[in-house]
Amino acid sequence: MPRFFFHIDDHVHEIDEDGQELVSAAEARVQAIIFAGALLRDDPNLIWDGEGFEVRVTDEAGKPVTTVHVSATDAEPGS
Amino acid sequence: MAALPSPLALLVRKLSRHVPLEPEDRAALLALPATLRTLDPSTYLLREGDPPQYCAVLASGFAYRQKLTGEGARQIVSLHIPGEALDLQSLYLDVADHNIQTLTRAEVALVPRAAMRDLVQTRPAIAHAVMVEILVEGSISREWTLNIGRRDAQTRLAHLLCEVAVRLDAQGLSGGEGYELPMTQEQLGDALGLTAVHVNRTLKALEAQGLIVRNRRHVGIPQWTPLRDVGDFTSRYLHFGRQPS
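Rules of the game
- Residues numbered from 1 in each chain as written.
- Chains lettered and ligands numbered in written order.
- Predicted model: local features only at pLDDT ≥ 70, side-chain atom pairs only at ≥ 80, totals over all residues.
- Heavy atoms only, no water.
- Helix = DSSP H or I, 4+ residues; strand = E, 2+ residues; numbered from the N terminus.
- Areas by Shrake-Rupley, 256 points an atom, 1.4 Å probe, with all protein chains shown as cover.
- Contact = heavy atoms within 4.5 Å.
- Buried area = accessible area lost by both parts, 1.4 Å probe.
- Salt bridge = Lys/Arg side-chain N within 4 Å of Asp/Glu carboxyl O.
- Polar contact = N/O pair within 3.5 Å; in protein donor to acceptor, adjacent residues only side chain to side chain.
- Nonpolar A, V, L, I, M, F, W, Y, C, P; charged D, E, K, R; others polar.
- Buried < 20%, exposed > 50% of the residue type's maximum accessible area, 1.4 Å probe, protein only.
- Phe/Tyr/Trp six-rings, centres within 6.5 Å; stacked < 30°, edge-to-face > 60°.
- Pairing = 2+ DSSP bridges.
- Axes fitted to C-alpha atoms, helices over the stretch in contact; angles between N-to-C directions.

**Overview of the overall build of chain A**
Point 1. Counting its regular elements, chain A contains one helix and five strands.
Point 2. Element order for chain A, N to C, with α for helix and β for strand: β-β-β-α-β-β.
Point 3. Expressed along its principal axes, the backbone C-alpha trace of chain A runs to roughly 55 × 20 × 20 Å.
Point 4. With the model as given, the accessible surface of chain A reaches about 4,900 Å², and the carbon-plus-sulfur share is 52%.

The following block contains the structure:
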């Protein structure tokens, strides 16, 4: 099975050096979304004002497979 | 290799920790008819929907209970260590509501369910101890619900590592300073409601903080207090003390 790497980018960058064997890129996409959701559930402040939060999946060659990007936008004061 | 204590002797040890057992109670437990089996990892001891035939006692190895969603997603709902009876909760329920599988290669003693029921009906102290054991399993289950429902990934995993350490220790199997945890990251994920990716990240985070030391499947615990604090763990729900009648 191919190995996929799940990196986290928010105000810090966390590189996944271990990776995970999964059946396909489609499964890696699903796992990335669930992983991102669980990280945000644990700490909603991972989304900093104006800055997004990303789980970036790469393959064994380091090529991008999928990026899950989550951001929040507050209303302008007075609007 | 040292001879393993008989599985029924382990069961006596476990039950007598809940309730004082008279020599006659101990002798009756040790005299239960039991068939010894060595099982490969992932062998089913009981399948959901089947009538339970045996009360299995684990002599060595780990086992777990699991349930599946309609779509086949698996949740591991409890873990079992040597000396534990796997099916006391099915003693009075005629159909299994979950699956029981070995996690590792395991030696089990299969006691016919009817023999166990007869013993419980004739010896009040054993009935009391079995009742406490079933209630403690319920308590562990409630703690797991809290753990999975309300604790973050790091706390959740640290809590599980603490629970296994303390249970192994209480059974007289080394645990407090570290132990062999024969679970893949996927299996840990199935027990904790996390993806394997998340389990891997969380194990590394615990290790980076010096809370655990990993060597393959061995989990070393250099200092108990910091891991216990991170895991929000107290052993109250395991009810280790004797339960006076």
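**Considerations on the interface of chain A and chain B**
Point 1. Contacts between the two partners involve 14 residues from chain A and, on the opposite side, 14 residues from chain B.
Point 2. Note on chain A versus chain B: buried area summed over both sides is about 1,100 Å², and carbon and sulfur give 48% of it.
Point 3. Where chain A packs against chain B, one counts two salt bridges.
Point 4. For the salt bridge of R201 of chain B with E14 of chain A, the shortest nitrogen-to-oxygen distance reads 2.6 Å.
Point 5. Linking chain A with chain B are four residue pairs in polar contact (both at pLDDT 80 or more), by the criterion used here.
Point 6. Those elements giving two or more residues to the side of chain A that touches chain B turn out to be β1 (3–9) and α1 (25–42) of chain A.
Point 7. In terms of residue count, α1 of chain A provides more of the side of chain A that touches chain B than any other element does, seven residues in total.
Point 8. In terms of residue class, the side of chain A that touches chain B is built from six nonpolar, two polar and six charged.

**Looking at the pattern of salt bridges**
Residue and element names in this part refer to chain B.
Point 1. Following the criterion strictly, the structure yields 16 salt bridges over all chains and no others.
Point 2. For D190, the salt bridge goes to R74, with nearest N and O atoms at 2.8 Å. Remark: R74 occurs in strand β5 (residues 74–80) and D190 occurs in helix α6 (residues 185–192); sequence separation between them is 116 residues.
Point 3. Overall, the relative accessible area of 19% leaves D190 in the buried class.
Point 4. With a relative accessible area of 24%, R74 lands in the partly exposed category.
Point 5. Because the salt bridges share partners, they merge into one network encompassing K14, E84, E133, E163 and R167.

**Looking at the environment of E14 of chain A**
All names here are of chain A.
Point 1. When you line up the elements, E14 lands in strand β2 (residues 13–14).
Point 2. For E14, a relative accessible area of 30% puts it in the partly exposed group.
Point 3. Here the alpha-carbon distance between E14 and V55, two residues 41 residues apart in the chain, equals 9.6 Å.

**Focus on the environment of W224 of chain B**
Point 1. Tracing the sequence through the fold places W224 of chain B in helix α8 (residues 224–230).
Point 2. Apart from residues no more than four positions distant in its own chain, W224 of chain B is found in contact with C162, A165, V166 and F233 of chain B.

**Some remarks on the packing of aromatic side chains**
Point 1. In this structure the tally under the stated criterion is three aromatic pairs over all chains.
Point 2. Seen from their ring centres, F6 of chain A and F35 of chain A are 6.5 Å apart, and the 85° between their planes marks the pair as edge-to-face. Linking F6 of chain A in strand β1 with F35 of chain A in helix α1, this pair joins segments that are 29 residues apart in sequence.
Point 3. Relative accessible area serves as the criterion here: at 1%, F35 of chain A is assigned to the buried category.
Point 4. Judged by centre distance (6.0 Å) and plane angle (80°), the ring pair of F233 of chain B and Y237 of chain B falls under edge-to-face.
Point 5. Among the residues examined, F233 of chain B registers a relative accessible area of 4% and is labelled buried.

**Looking at the sheet that holds strand β10 (residues 218–220) of chain B**
Residue and element names in this part refer to chain B.
Point 1. Across the sheet, which stays open at both edges, the three strands sit in the order β8-β10-β9 with antiparallel pairing between neighbours. Two strands in the sheet have a free side with no partner beyond their single neighbour: β8 (178–180) and β9 (213–215). In this sheet, adjacent strand axes meet at a mean angle of 15° when their direction is disregarded.
Point 2. In this structure, β8 lies alongside β10, joined through three bridges in antiparallel fashion. Paired with E180 across the two strands is H218, which belongs to β10.
Point 3. Against the sheet, helix α5 (residues 153–170) contacts β8 and β10, and its axis sits at roughly 90° relative to β8.

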